Structure formats: C-alpha cells, structure tokens
2 protein chains.
Amino acid sequence: MRWNLPSDQVPEAWFNVIPHLTTPLDPPLHPGTRQPIGPDDLAPLFPMALIGQEVSGEPWIDVPGEVLDVLRLWRPTPLVRAERLEKALGTPARIYYKDESVSPAGSHKPNTAVPQAFYNKAEGVPRLTTETGAGQWGSALSFACSLFGLECKVYMVRASYQQKPYRRVMMETWGGDVVPSPVDDPDHPGSLGMAISDAVRDAATREDSHYSLGSVLNHVLLHQTVIGQEAKRQLDLAGERLPDVVIGCCGGGSNFGGISLPFVPDEGVRLLAVEPTACATLTTGSFEYDFGDTAGLTPLLSMYTLGHDFIPPSIHAGGLRYHGDAPIISNLVRAGRVEASAYPQSKVFEAAIEFARSQGPIPAPETAHAIRAVIDEALAAKETGEEKVILFSYSGHGLLDLGAYDDYLHGRLDADGAPTGS
Amino acid sequence: MRWNLPSDQVPEAWFNVIPHLTTPLDPPLHPGTRQPIGPDDLAPLFPMALIGQEVSGEPWIDVPGEVLDVLRLWRPTPLVRAERLEKALGTPARIYYKDESVSPAGSHKPNTAVPQAFYNKAEGVPRLTTETGAGQWGSALSFACSLFGLECKVYMVRASYQQKPYRRVMMETWGGDVVPSPVDDPDHPGSLGMAISDAVRDAATREDSHYSLGSVLNHVLLHQTVIGQEAKRQLDLAGERLPDVVIGCCGGGSNFGGISLPFVPDEGVRLLAVEPTACATLTTGSFEYDFGDTAGLTPLLSMYTLGHDFIPPSIHAGGLRYHGDAPIISNLVRAGRVEASAYPQSKVFEAAIEFARSQGPIPAPETAHAIRAVIDEALAAKETGEEKVILFSYSGHGLLDLGAYDDYLHGRLDADGAPTGS
C-alpha cells in the first residue's frame, strides 16, 4: 500500500528543531581566531537568507512559493508500507518507508538544493560551487541550478569521478561543470574533505560565486524536514498514531535529520541513526570542535568527528564517508535523544538484496544501511511478538550504484572496505 | 502539477481493443505449415490463460487480485503536467505525461511482466526464458519472477550485454540468469531477432520452461492498457475532457499501445506513434506476414516489417530496434486510425536535453522519441495559437542510458546510427 498526498500538501513551512534542543548548540568558531563567527564571516560564501536560517530560533520558517513550485515536481513523496518485506521476514512489525528516490536526481538531496539555488538567485549570485563524493549531492545541485538558470561547478572526489562516470554525465546533462578533486594533485584519489576545500577556495576567490553545502549545516537539515512532516501526515492517513522507531542512514546527517527531526518533540518515538563501521562517526568518534574540510578553511563545528584528516576506506556508500556529523545530530546523540548504530558493508548489501527481491526497488548503498537496521528491528519484534511500527527514509535508489551490486553478487566485495583486489 | 490516484484505483480490468478494430486482425500462421495456428501450437511456449487472452474478443478482461497486489507497489503512476517545458517552449499547448518510469524496473514493462509471471506460476511453470535488447524488458521480467519465485533466464543482445553492464547487474540483483546472445557465435554483436530465437529454442526444448515476450503480441498490449485507462481518469481530475493528441514511442508497440489503445474509440483524438529513422517500421516498412525472430521459429504475424533479417544500426534507443511491429498497431496504422512519424537520434537527444533542463527528469532514449514529437506538436500549436492538449507516455527513465547522453554531450553521437568511431 502507498499513501500519496496531493501537490498542494507539500509543507509550507520548515520545522526548526533548534528551539526543541535540551542543550543549546555550541557556536561555530572562526578558523583563524577561534572566536564565534558572525554573519559577515559567512557572507562571502552564503546568501544572507541562508545565514539567517542557520542561526534562527523561530520554530517554523516559511518555504518561498518559488521553492514550493519546484518541490511540487515530485513532492509530496509516497509513503509505502513494505508489506512484502514484512511477509518475507515473518514479522509482526509494520514497516513504512518514505520514498525520496522519486526526485529527478534520485535522492532526498534536491530538498535543500532547490532552496539553496533559489536564495542565491534571489540575491543576484549567478554561480555556485560545491563538492560531491558519490555524486548524489552534485547531481541535486546541478538539477536545481538548471531550473533556476545558475552556473554550477562541481568538485568531484577523483576516485568517484573515475569509478562513476554516469554520475558525472547526469550532472553534465543538467549543465553542471564537473572536475575531479583534488585539483592540484592528479594522482590523489581525493576525499570529501579535500573536495570541500577546493569548492570553498573557488567560491571565496570569485566575486560572482557562492558555495553550497549538501549536509551538516543547520539550514540544510532544516530544508530536509519536509520529509518527516509529510511522513507524519501520511502515517495518520495509514491509521497509525506515531511510529515506535524512526530510522535513517547518517553520513553528514541531512537525510537522517529530514526524517527524524519532526519527531524530536514526540517523546517515546525512538530515533536511530545508522552509519558504516568503516566511518563510524557517531558510534566511535569524539565530540569536539573540528574543521569541516581537510585544509581547515571552514569554520570549526562542535560535532562528533573522526578528525578532519581521516580518510575512510572506499566503501560503496560514498555518501556516508564523512569524517564529521551535523552539529544538530551530534547534539541530539550526546543528549541521548538519538541512538546510533553501525554496520559493515557486507551485512548492508545482504539487506539490500533481501529488500530488492522481496519488495522490488533496488536501494542506494547508503539507504541499505537503514534497511539493515530496519530488518534487525523487525526480526527483534518477531522474537518478542511486538507489533512495532517502523518508519524509515528510503533516501535514494541504487541505479547508479549497480557496480557495487556487481561486486557483492560476484564475491568481490570486502566485508568492510574497498572491493577486494582494488 | 501532478495527479495521483489512490492504490485502490489501479484498473481492475484490461481494455481489449480487438472488438473496436474496423478490420479484423489476420490470424498468426504456423511457421511450418503456414496455416492459422491454434492454442495447441502455442501451448509449449505460453500458459493457457495468456493464449486465451491472445485471441479473446471480450471487451474487458479481469485483472487477477494477485496481479493487482503487485501492480499497486507503484501504480497508479502519476500524471504530470509539464508546465516548465510548456513555459520554456512558450506554447499555449497543455502537455501532460504519464510517468511509467516510477516502477522498480524503471519503465512500463513490468505492467505485463507481472501478469505473465503470475499466469505461468498459476499453471505450475517454474522457469521463464526471454530475450532483451536494451535491457528494459529483461529487467522487468527478472523483477516479476523474483516476486513470484520463478527462475528467469535472459538472452541479452551481446552488444548491449557488453555496453550496458548495469542492466545485467540489475537483472542479477533480482536473481535473473543473464547470458549474451547469440549463444552459438561469441563474435556476433547479436540482434533482438536472434535473441528471441535463443530464448524460444530454450523454452521449447525444456519441459519446465515457458517463453515470455515483452511486446508485439495482443496479450502484451492488453496488459499495458492500464496506462491509458489511468491517464483518462487523471485527465478528468485535471479538468480536461479528452486530449487532442496521444503520443508514444513505438518499437514493438507495447508502450504506444498502453497509452493509446483506450483512446481508440474516442473519435477525434489523434494517436501518434514515434519511431527512429534508423528502424522506421511503420513509416517505411511493408505490411505483410513475417516471422517475429531471425531464425524463423515463431509464428508468422501480419504486420509492418522491415524483414526478419533486418539488422538496424546500433542507435542508443535499443528498445526501438525491432524489425516488426505489433499486429494491433499495424492494423490501426493501416486503417488510418494511428499516425506514425520518425526522427533521427540527434534530434531526439536534443529534445531529451531540453526536457531534462526545463522539466527535470532525464528520459530514456526511447522515451525521448515521444518528447521530440511532443515538442514539435507544441511548437506547431504556438504558431497557430491553439490551446492543444497533448498526452504522452513517459515510458522510462534514462538513468541506465547515461552513456548515450555522454556521447551526445561530447559530440560522439552519429546523427542517425552508432556512436561515431565505434
């Protein structure tokens, strides 16, 4: 069963979790002075509207009409009950997923790419720069820039640029200009932190350009809250009250924040962030101030981190290979409101195949982390007989990640790192 | 704007166009005797339920509940008004598309793969064989077999097998067993006609196996009529009466039949089939009896054909590279009820890029043929000022065809044939 909402029910305000935090967020610090930064420090990189949202304490923030017009191309996204998966597992749990894979870029990322492109356009900025790892974010920003008539320059982690030519072509189809990163070392496979440095440096040195980030920051998570808000209404239509547990994969935190933050005020709803053991920021990192990028150009953020020079093994879930985590998610984990768990990629692909063969769709490797945790929650419910309600974010499809499936199906996947022999 | 229907509004009967044809269909002939074939001749290849549907004169045929249960995983599919494309073209035409790309296999093909798998399962057949060119059909049947617990063997045109590894992996993810065709000549690039021969030979020589065809036959087009039926209801919700013109790309005819056949009784609604100039069956072929495959193993069908030994240039729209056309579509073209036009692939990709950059989604090369014709109809309406209503089938996404976009964007695409230099 699927529950759709009509186009006019895309949420018209974003849900701001900041007033609901039990401990306040630590302020970002200037990378040079290590003093709290102000709006002027961020103005070379971001439009004022987004800087305002970054620090806003308002409980709800209006979505501009021009943004709604574009979101309505694919939103509200369907809420689907995974009845065939339930049956395959023999669980009494009821499993629902929010299908964010239906966006033109194939993931949740356009939810923030569209407002970011809009606000930059509105403030007269004709060109955006960004980085991309697996390519989900670069695709989303290229798509959004195409609709608003902005130039888009994408610094793509070199290993992905070489291994995932289809992602590059997708960005180019929407007019994006894609180059491998790091730009100054053609022999280096690159990392997300390095690509951020390249993109920030580009934007900071050109008058006509701003920088755009696809995760981590408060305003990015804010834009993603349309996911959880819609899911609440749809669960109501499905005859459920509240879910017992909300599950999402977590790299920088934008997908997990999108599905979970609107449930933060609902005490009794468990919130579970799932990450790869190869880059287990929330479960094994330290909570401290760290840079967002490798070169130390970005402000210092208070977050769980593995260290800004940490280079994770090249697992296939490229979107989860970030050394840090969103300050909002880190705050909630530290406060005990959000739980976290980690899985090795062999267990993750096992879950992906089980989902595809029972339910149908082929998930992104990132999304499959959530599915692994969902299956384990559902099997635990089978043991106890509990009719648990599980909600998860189906953050993206795996159609541009089939090389990873090929490795798994033909025994070339290392349990927890790169493909064997590569 | 998008119009969704709830899951319980998947059509519960298929629309049979046969009673609406002004001239009767010519019967299929036995490949040996050249006499009309009977049910017994087809029994080694197909279940009796499908043989019955192939010759049925009933105006409506019930969809089994078990089939509805699976179709409801993604159906009803959205009807979308392409307002951003309209605006980019500056046309007074209103353009609607039926988005069949939302199925797990990414195209309209599962609409018939699911009932075919179901009827075989119901009659105790544990294994299906089929052929695939671009991979859309093989993916759909692998998906359907996975849900019903059947084995699936796919003979994939060797050139596609080598050029499109992601399609193979997609089939394998759903458990399909994929081999390159022709099986007896590892140096031959293959063709759809040859792959049909391989798949038919396999099924005919094994007790446990039936054969499954993804287009051309009456029962296949019948199953696809859910598309046009839903579109009618959704156009009504959108406040339109009937479209002025219905457009679909046409290879074997299953996509075009799906969107257009329910409109055959609606006089005044133009129906336009679009094909590639490289394989222009309806616009340049002869109407005569011909084999469906290269080796001459299948019954002879009365249809437009370029000859069963015709090997089209290797254009990127692999799903439109078939020498013949469905007898039903051929009959309607000959009777003047359906129009046909043909485009070279350079003009087709130009339209695909225009659609992606204005509206968002990246279409399959096959689908882009329809989009080319839609744009030309909309531009003609701009000349005349006519507020024409255009409906087309968005038969599939292009996410596994990005190599074709890469060739186009980087000037490696021959205007009407293979990539240059290949």
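First, a word on what this report is: a plain description of the structure on this page. Only a predicted model underlies this, so the values are computations on that prediction, with no experimental measurement involved. Throughout, a residue's number is its position along its own chain's written sequence, starting from 1. Note on labels: chains are lettered from A, ligands numbered from 1, in written order. Only residues with pLDDT of at least 70 get local features here, since the model is predicted, and only at 80 or more are side-chain atom pairs given and counted; chain-wide, interface and lining totals rely on the full set of residues. The side-chain figures draw on all heavy atoms in the structure; neither hydrogens nor water molecules are used.

Some words on the overall build of chain A
Under the scheme used here, helices are H or I runs from DSSP no shorter than 4 residues and strands are E runs no shorter than 2 residues, and both carry numbers assigned from the N terminus. Counting its secondary structure elements, chain A contains 17 helices and 15 strands. C-alpha atoms define the radius of gyration, and 2.2 Å times the number of residues to the power 0.38 defines the globule rule. Relative to a compact globule of 422 residues, whose C-alpha radius of gyration would be 22 Å, chain A shows 20 Å and is just as compact. Dimensions of chain A, computed from C-alpha atoms along their principal axes, come out at roughly 60 × 50 × 40 Å. Taking as baseline every contact in chain A between residues at least 6 positions apart, the subset at least 24 positions apart corresponds to 76%. For chain A, the exposed area adds up to about 13,700 Å²; of that, 50% sits on carbon and sulfur atoms. His is not counted, nor are the chain ends; Lys and Arg add positive charge and Asp and Glu add negative charge. Lys charges are placed at NZ, Arg charges at CZ, Asp charges at CG and Glu charges at CD. A gap of 6 Å separates the mean positions of the 32 positive and 52 negative side-chain charges of chain A. Any two residues whose heavy atoms approach within 4.5 Å are treated as being in contact. Only the protein chains shown count as covering a residue, and every accessible area follows the Shrake-Rupley method with a 1.4 Å probe.

Observations concerning the pattern of salt bridges
Whenever a carboxyl oxygen of Asp or Glu lies within 4 Å of a side-chain nitrogen of Lys or Arg, that contact is scored as a salt bridge. In this structure the tally under the stated criterion is 46 salt bridges over all chains. Of the charged contacts, one joins Arg 201 of chain A and Asp 198 of chain A as a salt bridge, the two residues approaching to 3.4 Å between their closest N and O atoms. One end of the pair is Arg 201 of chain A and the other is Asp 198 of chain A, both in helix α9 (residues 192-204) and 3 residues apart, which spans about a single turn. The residue Glu 339 of chain B makes a salt bridge to Arg 270 of chain B at a minimum N-O spacing of 2.8 Å. Of the two residues, Glu 339 of chain B is situated in strand β14 (residues 338-343) and Arg 270 of chain B in strand β11 (residues 270-276); the sequence distance between them amounts to 69 residues. The classification of residues rests on relative accessible area computed with a 1.4 Å probe and restricted to protein chains. Under 20% of the type maximum is buried, over 50% is exposed, and intermediate values are partly exposed. When its relative accessible area of 33% is taken as the criterion, Glu 339 of chain B is described as partly exposed. Arg 270 of chain B gets classed as partly exposed once you look at its relative accessible area, which sits at 30%. Residues joined in a network through salt bridges with shared partners are Arg 168 and Glu 172 of chain A together with Asp 406, Asp 407 and Arg 412 of chain B.

Let's talk about the packing of helix α6 (residues 136-148) of chain A against helix α8 (residues 165-173) of chain A
Axes are the key here: two packed helices are described by the angle between their axes and the distance separating the axes. All names here are of chain A. Here an angle of 0 to 180 degrees is reported between the N-to-C directions of two axes, which are lines fitted to C-alpha atoms, with helices fitted over the stretch in contact. Relative to each other, α6 and α8 sit at 15 degrees, their axes nearing to 8 Å. Between α6 and α8, the angle is such that the two are roughly parallel. Crossing angle aside, the handedness with which α6 passes α8 is left-handed. Packed against α6, whose contacting residues are Gln 136, Gly 138, Ser 139 and Ser 142, the element α8 presents Arg 167, Met 170 and Met 171 at the interface. The residue inventory of the contact of α6 with α8, partitioned by class, reads 2 nonpolar, 4 polar and 1 charged. Angles below 35 degrees are treated as roughly parallel, those above 145 as roughly antiparallel, those between 65 and 115 as roughly perpendicular, and all remaining angles as oblique. Working rule for handedness: look at the near helix, and if it is turned counterclockwise from the far one by less than a right angle, call the crossing left-handed; if clockwise, right-handed. For this scheme, ten residues count as nonpolar: Ala, Val, Leu, Ile, Met, Phe, Trp, Tyr, Cys and Pro. Four count as charged, namely Asp, Glu, Lys and Arg, and the remainder, Gly too, count as polar.

Here's the deal with the sheet that holds strand β5 (residues 94-99) of chain B
Residues and elements named next belong to chain B. Strands sit in the order β1-β4-β5-β15-β10-β11-β14 across an open sheet of 7 strands; the sheet is mixed. If you trace the sheet from one side to the other, it starts and ends with β1 (2-3) and β14, each paired once. Pairing between two strands is assigned when DSSP locates at least 2 bridges connecting them. Where strand β10 (residues 245-249) meets β11, 5 bridges bridge the pair, whose relative direction is parallel. Bridge pairing links Val 246 to Leu 271 in β11.

With respect to the interface of chain B and chain A
Across the boundary between the two partners, chain B contributes 42 residues, which contact 42 residues of chain A. Note on terms: buried area is the combined drop in 1.4 Å-probe accessible area of two parts once they are placed together, counting the loss on both. Summing both partners gives a buried area of about 3,600 Å² for chain B against chain A, and 56% of it is carried by carbon and sulfur. Looking at the side of chain B facing chain A, the largest losses of area belong to Arg 2, Tyr 166 and Thr 173 of chain B, adding up to 19% of the total buried there. Between chain B and chain A we count 2 salt bridges in total. For Asp 406 of chain B, the salt bridge goes to Arg 168 of chain A, with nearest N and O atoms at 3.1 Å. Definition of a polar contact: a pair of N or O atoms within 3.5 Å, with one able to donate and the other able to accept a hydrogen when the atoms are protein atoms, and with sequence-neighbouring residues admitted only if both atoms are side-chain atoms. Inspection of the chain B/chain A interface yields 26 residue pairs in polar contact (both at pLDDT 80 or more).

With respect to the state of the cysteines
Residue and element names in this part refer to chain A. Here, a disulfide means two cysteine sulfur atoms that sit within 2.5 Å of each other. All told, the structure shown has 0 disulfides over all chains when counted by the stated rule. No disulfide involves Cys 249; its nearest neighbouring cysteine sulfur is the one of Cys 250, lying 7.7 Å away. By relative accessible area, which is 5% here, Cys 249 ends up buried.

Considering the packing of aromatic side chains
Aromatic pairs are defined between Phe, Tyr and Trp rings, using the six-membered ring for Trp, whenever the two ring centres lie within 6.5 Å; interplanar angles under 30 degrees are classed as stacked, those over 60 as edge-to-face, and all others as tilted. Evaluated as defined, the whole model comprises 31 aromatic pairs over all chains. Between Phe 287 of chain A and Tyr 304 of chain A the ring centres are 5.2 Å apart and the planes differ by 65 degrees, which places this aromatic pair in the edge-to-face class. With Phe 287 of chain A in strand β12 (residues 286-291) and Tyr 304 of chain A in strand β13 (residues 300-305), the pair connects residues that are 17 residues apart, well separated along the chain. Given a relative accessible area of 24%, Phe 287 of chain A falls into the partly exposed group. Judged by centre distance (5.8 Å) and plane angle (20 degrees), the ring pair of Phe 349 of chain B and Tyr 408 of chain B falls under stacked. Within this pair, whereas Phe 349 of chain B is found in helix α15 (residues 345-358), its partner Tyr 408 of chain B is found in helix α17 (residues 402-409), the two being separated by 59 residues in sequence. Residue classification places Phe 349 of chain B among the buried residues on the basis of a relative accessible area of 1%. Classification of Tyr 408 of chain B as partly exposed rests on a relative accessible area of 26%. Grouping aromatic residues by their ring pairs yields a cluster made of Tyr 97, Phe 355, Phe 392 and Tyr 394 of chain A. We call a charge positioned over a ring when the NZ of a Lys or the CZ of an Arg lies within 6 Å of the ring centre and within 35 degrees of the ring normal. It is Lys 232 of chain A that lies over the ring of Phe 263 of chain A; its NZ or CZ is 5.1 Å from the centre.

Comments concerning the nonpolar core
One recurring pattern in soluble globular proteins: nonpolar side chains tend to sit buried together. With 211 residues, the main nonpolar core has Ile 247 and Phe 392 of chain A together with Ile 247 and Phe 392 of chain B as its most contacted residues. Among all residues touching Phe 392 of chain B, those that are not within four sequence positions of it are Ile 95, Tyr 96, Tyr 97, Lys 98, Ile 247, Ile 259, Phe 355, Ala 370, Ile 371 and Val 374 of chain B. We call a set of buried residues a nonpolar core when its members are Ala, Val, Leu, Ile, Met, Phe, Trp, Tyr or Cys and they connect through side-chain atoms within 4.5 Å of each other.

Quick word on unusual backbone geometry
In this model, Arg 75 of chain B is joined to Pro 76 of chain B through a cis peptide bond whose omega is -10 degrees. Along the chain, the position of Pro 76 of chain B falls in the loop between α3 (65-71) and β4 (79-81). For the peptide bond that leads from Ser 181 of chain B to Pro 182 of chain B, omega is 5 degrees, which places it in the cis range. Phi at Val 216 of chain A takes a positive value of approximately 70 degrees, unusual for a residue other than glycine. Structurally, Val 216 of chain A can be placed in the loop between β9 (209-211) and α10 (218-224).

Regarding the relation of the copies chain B and chain A
Once turned by 180 degrees and shifted 0.0 Å along the axis, chain B lies on chain A with an RMSD of 0.0 Å. Such values leave the two copies arranged in the relation of a two-fold axis. With an isologous cut-off of 70% or more, the 100% of interface residues of chain B that recur at the interface of chain A puts this contact in the isologous class. Copies overlap after least-squares fitting; the atoms used are the C-alpha atoms of residues with pLDDT of at least 70 in both.

Some points on the packing of α15 of chain B against helix α16 (residues 365-384) of chain B
Residue and element names in this part refer to chain B. One can describe the packing of α15 onto α16 by two numbers: an axis separation of 8 Å at closest approach and a directional angle of 85 degrees. By the angle between their directions, the pair α15 and α16 is classed as roughly perpendicular. Side by side, α15 and α16 meet where Lys 347, Val 348, Phe 349, Glu 350, Ala 351, Ala 352, Glu 354 and Phe 355 of the first sit next to Pro 365, Ala 368, His 369, Ile 371, Arg 372 and Ile 375 of the second. In terms of residue class, the contact of α15 with α16 is built from 9 nonpolar, 1 polar and 4 charged.

Topic: α6 of chain A
Residues and elements named next belong to chain A. To estimate the expected span of a helix, subtract one from its residue number and multiply by 1.5 Å. Helix length check: α6 (13 residues) gives 19 Å between terminal C-alpha atoms against 18 Å at 1.5 Å per residue, within 8%. Of all 13 residues in α6, 13 are buried; the element is thus mostly enclosed. Gly 149 sits one or two positions beyond α6 and adopts a positive phi of about 70 degrees.

A short note on the side chain of Ser 393 of chain B
All names here are of chain B. Secondary-structure assignment places Ser 393 in strand β15 (residues 389-394). Engagement of the side chain of Ser 393 in a polar contact is seen with the side chain of Asn 255, the distance being 2.6 Å. Once residues lying within four places of it in the same chain are set aside, the contact partners of Ser 393 are Lys 98, Glu 100, Ile 247, Asn 255, Ile 259, Thr 367 and Ala 370.

As for α17 of chain B
All of the buried residues along α17 of chain B are Leu 402, Ala 404, Tyr 405, Asp 406 and Asp 407 of chain B. In this fold, the buried residues of α17 of chain B make contact with α8 of chain A together with α15 of chain B.

Points about the environment of Ala 105 of chain B
Residue and element names in this part refer to chain B. Along the chain, the position of Ala 105 falls in the loop between β5 and α5 (110-122). Taking the relative accessible area as the measure of exposure, Ala 105 reaches 0% and is therefore buried. Those residues in contact with Ala 105 that sit more than four places away from it in its chain are Pro 110, Gln 136, Ser 139, Ala 140, Arg 167, Met 170 and Trp 174.

Brief notes about the sheet that holds β9 of chain A
Residues and elements named next belong to chain A. Sheet architecture is open: 4 strands sit in the order β8-β7-β6-β9, paired in parallel fashion. The open sheet terminates on both sides in strands that have one partner only, identified here as β8 (177-181) and β9. Taking the axes of each pair of neighbouring strands and ignoring which way they run, one obtains an average angle of 25 degrees across the sheet. Here strand β6 (residues 127-132) runs beside strand β7 (residues 151-157); their pairing, made up of 6 bridges, is parallel. In the sheet register, Leu 128 faces β7, and the bridge partner there is Cys 152. Together, β6 and β7 form the strand contacts of α6, whose direction differs from that of β6 by roughly 160 degrees.

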